[in-house]
Amino acid sequence: MDITPDDIIYWEWGIVTLNATLVFSWVVMALLSVGSWLVTRNLKTGADLPRWQNALEIIVSRIRGQIEEASGGSPDRYLPFIGTLFLFIVVANVLDAVPGFTAPTASLTTTAALATCVFVAVPVFGIADQGLADYLRQYVRPTPLMLPFHVIGELSRTLALAVRLFGNITSGSLVVAIVLSIAPLFFPVVMQALGLLIGVIQAYVFAILALVYIASNERARRQRTSDESPAS
């Protein structure tokens with residue numbers, strides 16, 4: 001039994017390897033891209049909306065609401081990045097129930113890549129919001145001695161994001177496979193449904209944690225501004 005889709009090799013030439021992680025990541029990206037294009041190519045307004053457009057608007061509205069609630073600010077600046085993260089992970093996890101499909105999120109390389117995107121997004125959003133000087137200044141607050149601790153904190157939470165998603169998805173797949181070998185009739189259906197639920201929850205947790213990390217700089221800036229403003 002292959003523990004990770006990295007072990008499933010479809011084609012190899014020298015150092016170039018085409019494994020299941022790459023293939024199924026491309027499948028998920030293609031489904032999201034084509035699906036988005038099909039739904040949005042003929043957008044309509046009014047009460048009589050197409051079924052798929054209505055479903056997409058509900059999904060986007062829910063994501064916007066969660067972003068606004070978690071960040072405490074305008075959701076529009078975070079929606080493209082956080083929404084893409086969530087949709088990619090949730091589609092990848094849900095498709096794991098399809099026979100022959102292996103969730104790319106069961107590979108540490110995929111979850112590490114997603115966590116790296118968050119790691120890069122934190123300073124990008126922070127600098128866009130505060131400016132380069134103010135953003136870098138937070139690493140030496142309240143004293144320059146805190147610099148290494150801030151850097152270690154950034155690296156450790158990135159590692160935690162990658163390992164958490166990888167561990168939960170991999171363990172869920174292993175449990176289903178074990179139960180399938182023991183009781184191949186009824187229990188696998190229940191475990192597969194549970195696996196789908198866990199996949200959706202893990203996508204939500206990853207997206208919310210990414211949002212919290214990114215929006216923490218904006219929250220800190222608003223708090224400092226509030227503390228520095230004269231009392232009325």
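Scope of this entry: the structure provided in the associated data block. (Residues numbered from 1 in each chain as written. Predicted model: local features only at pLDDT ≥ 70, side-chain atom pairs only at ≥ 80, totals over all residues. Heavy atoms only, no water.)

Along its length, the protein chain carries seven helices and two strands. Each helix and strand of the protein chain, placed in order from N terminus to C terminus, yields the pattern β-β-α-α-α-α-α-α-α. Sorting the 232 residues of the protein chain into buried and exposed places 30% on the buried side. Counting only contacts in the protein chain whose residues sit at least 6 apart along the sequence, the fraction spanning at least 24 positions is 67%. (Helix = DSSP H or I, 4+ residues; strand = E, 2+ residues; numbered from the N terminus. Buried < 20%, exposed > 50% of the residue type's maximum accessible area, 1.4 Å probe, protein only. Contact = heavy atoms within 4.5 Å.)

It is worth spelling out the packing of helix 3 (residues 79-94) against helix 4 (residues 108-130) at this point. Helix 4 packs onto helix 3 with a crossing angle of 170° between their chain directions and a minimal axis gap of 12 Å. It follows that helix 3 is roughly antiparallel to helix 4 by the angle criterion. Here Phe 81, Leu 85, Phe 88 and Ile 89 of helix 3 come into contact with helix 4, specifically with Thr 110, Leu 114, Cys 117, Val 118, Ala 121 and Phe 125. The class makeup of the residues in the contact of helix 3 with helix 4 is nine nonpolar, one polar and no charged. (Axes fitted to C-alpha atoms, helices over the stretch in contact; angles between N-to-C directions. Parallel < 35°, antiparallel > 145°, perpendicular 65-115°, else oblique. Nonpolar A, V, L, I, M, F, W, Y, C, P; charged D, E, K, R; others polar.)

Moving on, we come to the packing of aromatic side chains. Taken as a whole and judged by the stated rule, the model has four aromatic pairs. Between Tyr 78 and Phe 125, the ring centres sit 5.4 Å apart and the planes meet at 40°, which makes this aromatic pair tilted. Of the two residues, Tyr 78 is situated in the loop between helix 2 (51-71) and helix 3 and Phe 125 in helix 4; the sequence distance between them amounts to 47 residues. By the burial criterion, Tyr 78 is buried, and Phe 125 matches it. Ring plane angle 50° and centroid distance 6.3 Å describe the contact between Phe 81 and Phe 125, whose orientation is recorded as tilted. You can see Phe 81 sitting in helix 3 and its partner Phe 125 sitting in helix 4, a full 44 residues away along the chain. Taken together through their ring pairs, the aromatic side chains of Tyr 78, Phe 81 and Phe 125 make up a single cluster. (Phe/Tyr/Trp six-rings, centres within 6.5 Å; stacked < 30°, edge-to-face > 60°.)

For the rest of this paragraph, the subject is the side chain of Thr 105. Here Thr 105 lies in the loop between helix 3 and helix 4. On the accessibility criterion, Thr 105 (0% relative accessible area) is buried. Looking at Thr 105, its side chain comes within polar contact range of the side chain of Asn 93, at 2.5 Å. Not counting residues up to four positions away in its chain, the partners in contact with Thr 105 are Ile 89, Ala 92, Asn 93, Thr 110, Thr 111, Leu 165, Phe 166 and Ile 169. (Polar contact = N/O pair within 3.5 Å; in protein donor to acceptor, adjacent residues only side chain to side chain.)

For helix 1 (residues 20-40), built from 21 residues, the straight-helix expectation of 30 Å at 1.5 Å per residue is met to within 8% by its first-to-last C-alpha distance of 30 Å. Residues of helix 1 that are buried sit in contact with strand 1 (9-13), strand 2 (16-19), helix 2, helix 3 and helix 4. Put simply, Asn 19 is the residue that caps the front of helix 1, since its side-chain oxygen is 3.2 Å from the backbone nitrogen of Thr 21. (Expected span 1.5 Å × (residues − 1).)

A side chain of one charge can pair with a side chain of the opposite charge when the charged atoms of the two come close. Under the definition given, this model contains three salt bridges. As a salt-bridge pair, Glu 154 and Arg 157 come within 2.9 Å of each other at their nearest N and O atoms. Residue Glu 154 and its partner Arg 157 are both found in helix 6 (residues 147-182); the two are separated by three residues, about one turn of the helix. (Salt bridge = Lys/Arg side-chain N within 4 Å of Asp/Glu carboxyl O.)

Glancing now at a nonpolar patch on the surface. Together, Phe 119, Val 120, Val 124, Val 140, Leu 147, Val 151 and Leu 155 make up a nonpolar patch on the protein surface, roughly 530 Å² of accessible area in all. Put simply, the parts of the chain that give the nonpolar patch at least two residues each are helix 4 and helix 6. Positionally, Phe 119 belongs in helix 4. (Patch = residues over 30% accessible without salt bridge, like charges linked within 9 Å, V, L, I, M, F, W, Y side chains within 5 Å. Areas by Shrake-Rupley, 256 points an atom, 1.4 Å probe, with all protein chains shown as cover.)

Ranked by size, the top nonpolar core spans 38 residues in total, and within it Tyr 78, Ile 82, Val 118 and Phe 206 carry the most contacts. For this core, the elements supplying multiple residues, two or more each, are helix 1, helix 2, helix 3, helix 4, helix 6 and helix 7 (187-228). Residue contacts for Phe 206: discarding those within four places in its chain leaves Leu 85, Ile 89, Leu 114, Ala 115, Val 118, Leu 161 and Leu 165. (Core = buried A, V, L, I, M, F, W, Y, C linked by side-chain atoms within 4.5 Å.)

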